[in-house]
Amino acid sequence: MDFDALCEYEIENELQFVDIEHGFTYIEINNARAHATISTYAGQVLSYRPKTQKDDLLFVSDKACYEDGKAIKGGIPVCWPWFGADPEDLGRPAHGFVRNCQWDVIGSESLDDGSTRVVLGLADSDETQKVWPNPFKLSIEITVGDSLRVALVTRNTGSDSLTISQALHTYFYVGDIAQVNVLGLDGARYLDKVDGFAEKTQSGPVMVASEVDRIYTGVTGELAIEDASLARTIRISSTGCSTAVVWNPWQEVAASMADLGDEDYKKMICVETANAGPETVKIAAGDEYRLEAEYTIES
Ligand code: TA6
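Computed from a prediction, not measured in an experiment: that's the story for all the values here.

Rules used throughout
- Residues numbered from 1 in each chain as written.
- Predicted model: local features only at pLDDT ≥ 70, side-chain atom pairs only at ≥ 80, totals over all residues.
- Heavy atoms only, no water.
- Pairing = 2+ DSSP bridges.
- Helix = DSSP H or I, 4+ residues; strand = E, 2+ residues; numbered from the N terminus.
- Axes fitted to C-alpha atoms, helices over the stretch in contact; angles between N-to-C directions.
- Salt bridge = Lys/Arg side-chain N within 4 Å of Asp/Glu carboxyl O.
- Buried < 20%, exposed > 50% of the residue type's maximum accessible area, 1.4 Å probe, protein only.
- Near = heavy atom within 4 Å.
- Polar contact = N/O pair within 3.5 Å; in protein donor to acceptor, adjacent residues only side chain to side chain.
- Areas by Shrake-Rupley, 256 points an atom, 1.4 Å probe, with all protein chains shown as cover.
- Nonpolar A, V, L, I, M, F, W, Y, C, P; charged D, E, K, R; others polar.
- Contact = heavy atoms within 4.5 Å.

A. Layout of the sheet that holds strand β8 (residues 137-144). If you trace the 8 strands from one edge of the open sheet to the other, you get β6-β7-β8-β9-β22-β18-β17-β13, paired in antiparallel fashion. The open sheet has two edge strands, β6 (104-110) and β13 (180-183), and neither has a second partner. Pairs of neighbouring strands in the sheet enclose a mean axial angle of 15°, with direction left out of account. Relative to strand β17 (residues 223-227), β13 is paired through 4 bridges, and the arrangement is antiparallel. By the bridge assignment for β17, L183 is matched with A224.

B. Structural context of the pairing of strand β15 (residues 198-201). Pairing geometry for strand β14 (residues 189-192) and β15, over 4 bridges, is antiparallel. Across the sheet, residue D192 finds its bridge partner in β15, namely A198. In this antiparallel pair of consecutive strands, β14 and β15, the connection spans 5 residues, and G196 shows a positive phi of 60°.

C. Just the pattern of salt bridges, in detail. One pass over the full model with this rule turns up 18 salt bridges. The residue E109 makes a salt bridge to R117 at a minimum N-O spacing of 3.8 Å. Across the salt bridge formed by E199 and R189, the nearest N and O atoms sit 3.2 Å from each other. Taken together, the residues span a long stretch of sequence, with E199 in strand β15 and R189 in strand β14 at a distance of 10 residues. Judged by its relative accessible area of 52%, E199 falls in the exposed class. Each of D86, E88 and R92 takes part in salt bridges that share partners, so that together they form one network.

D. Structural view of the site of the ligand. Around the ligand, the structure places K73, F83, H95, R99, H169, Y171, K193, D213, V245, W247, M257 and E272. Note that an oxygen atom of the ligand is positioned 3.1 Å from one of the side-chain N or O atoms of H95. Within the complex, the protein chains bury 84% of what would otherwise be the 400 Å² of accessible surface of the ligand. Taken together, the residues that form the shell around the ligand break down as 5 nonpolar, 2 polar and 5 charged.

E. Examining the pairing of strand β22 (residues 288-298) more closely. Both strand β9 (residues 148-155) and β22 contribute to a ladder of 8 bridges, which runs antiparallel. In the sheet register, V153 faces β22, and the bridge partner there is R290. The pairing of strand β18 (residues 232-239) with β22 spans 7 bridges and is antiparallel. Paired with S237 across the strands is E294, a residue of β22.

F. Molecular detail of the environment of W132. Inspection of the secondary structure puts W132 in the loop between α2 (126-131) and β8. Along the sequence, W132 and F97 sit 35 residues apart, while their C-alpha atoms lie 8.8 Å from each other. With residues near it in sequence (within four places) discarded, W132 still touches W80, P81, W82, R92, F97, L162 and I164.

G. Local environment of the environment of L6. Among the secondary structure elements, L6 is positioned in helix α1 (residues 3-7). Distance in space between the C-alpha atoms of L6 and G74 is 24 Å, their sequence separation being 68 residues. Setting aside its immediate chain neighbours within four residues, L6 contacts M1, F17, T25 and V105.

H. Summary view of unusual backbone geometry. Backbone torsion omega between W80 and P81 reads 0°, so that peptide bond is classified as cis. In this structure, P81 sits in the loop between β5 (78-79) and β6. Here F197, not a glycine, exhibits a phi torsion of approximately 60°, which is positive. Take F197: it is sitting in the loop between β14 and β15. By relative accessible area, F197 is classed as partly exposed at 44%. Its identity as a non-glycine residue notwithstanding, W250 has a phi of 60°, on the positive side. With respect to the helices, strands and loops of the structure, W250 is situated in helix α3 (residues 250-256). Its relative accessible area of 23% is what places W250 among the partly exposed residues.

Structure, rendered in structure tokens:
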């Protein structure tokens, strides 16, 4: 989509497109309620800050790669049509391919409550068919206001049913990981990736003092990230899913990742809204499936 075509979606004094040095195009939303930055590459929210807050909701690595074919480390990467390792073991990238694609902008509007919505879309093409031979239309609706709402909508445009797993792989910014509690998972079952996917039960809040990489299943209520060091709580409500993934790489894994600083594990936690592990989604031909998350900061 060229820059002139994108500019048709501009909203004066509210939504602008900006060409960035490294070749990507960002959508800058700045309304009375909040500021947000979204990359058209990967359809990825990179920043969201309500005007009442001094800190961003999201973490983005200073060492993130901004290159075609690579995922941007941070913000809200979209994992689709699979979460985690390639389910068919064909050597395809972890977490699917749409976080490595350029998305189109297909809508923008100012809403009555002062928020701004932008919609990005991606449909199957010769390129995507080589990686995943299925027809689809995927869209992401991003609403920036007193809260940040993100809806990932999959339409099966083919004549056979589709089975997918997916996640909003959200990297939250935290002041100090040692002072973070993730609430809402007490009693939930989870697969512990750092212990060979052993099945376990969460007891109390999730606290991070070593590598954490867990797929919680059967999760339907609200989650919260209490962050004493920033004196704020992030609330996450969701629909269309019952999987929550919690990930912090801790010291050793962070140091092994070229696009993450050695100390970055102290400043981030991924709490992901997902259909993953055993909880995949089957979408009948012609049907649509909606996964939605809303993030609110309280302080
Ligand atoms: O969602 C958790 C996880 O699958 C971890 O196992 C870890 O591999 C991480 O994601 C990688 O995320 P990245 O954004 O680096 O692809």
